[in-house]
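# Residue-level structural notes
One letter stands for each residue in the lines below.
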Amino acid sequence: MDVLYFAWVRERIGLPKETVTTDAATVADLVAELRAKEDRYDMAFSDLTALRVAVDQELTDFDAPLAGAREVAFFPPMTGG
């Protein structure tokens, strides 16, 4: 699946996008796998309250299932303007 990173999440991880192979059942499981990879991921995902997530371009929660998902995107909350 493709994992996309936006704004400061991308800056901390150092990648805009990567393809990962995962057995994660939920977004939270995927985050746990990513955090275990390297310190930069651990730092980027250290405060999930500061992040939003979308699965296949649909905003969702971290407990959302990943079965059949092709894309997960992580980004900070948006502000209006």
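### Quick look at the packing of aromatic side chains
Enumeration over the complete set of coordinates arrives at five aromatic pairs. Ring geometry for Phe45 versus Phe74: centroids 4.8 Å apart, planes at 75°, classification edge-to-face. Of this pair, Phe45 sits in the loop between helix 3 (39-44) and strand 3 (52-55) while Phe74 sits in strand 5 (residues 71-75), placing them 29 residues apart in sequence. By relative accessible area, which is 0% here, Phe45 ends up buried.

### Some remarks on the environment of Phe62
With respect to the element layout, Phe62 can be found in the loop between strand 4 (58-60) and strand 5. Under the relative-accessibility criterion, Phe62 is labelled buried at 16%. Between the C-alpha atom of Phe62 and that of Ala50, which follows or precedes it by twelve residues, the distance is 12 Å. Those residues in contact with Phe62 that lie beyond four places of it in its chain are Thr26, Val27, Ala28, Val31, Leu48, Leu51, Val53 and Phe74.

### Regarding the pairing of strand 1 (residues 2-5)
Judged from the three bridges that link them, strand 1 and strand 2 (residues 17-19) form a sheet pairing that is antiparallel. Within the sheet, the bridge partner assigned to Asp2 lies in strand 2 and is Thr19. Relative to strand 5, strand 1 is paired through four bridges, and the arrangement is parallel. Among the inter-strand pairings, Leu4 is bridged to a residue of strand 5, identified as Ala73.

Scoring rules and cut-offs
Residues numbered from 1 in each chain as written. Predicted model: local features only at pLDDT ≥ 70, side-chain atom pairs only at ≥ 80, totals over all residues. Heavy atoms only, no water. Phe/Tyr/Trp six-rings, centres within 6.5 Å; stacked < 30°, edge-to-face > 60°. Helix = DSSP H or I, 4+ residues; strand = E, 2+ residues; numbered from the N terminus. Buried < 20%, exposed > 50% of the residue type's maximum accessible area, 1.4 Å probe, protein only. Contact = heavy atoms within 4.5 Å. Pairing = 2+ DSSP bridges.

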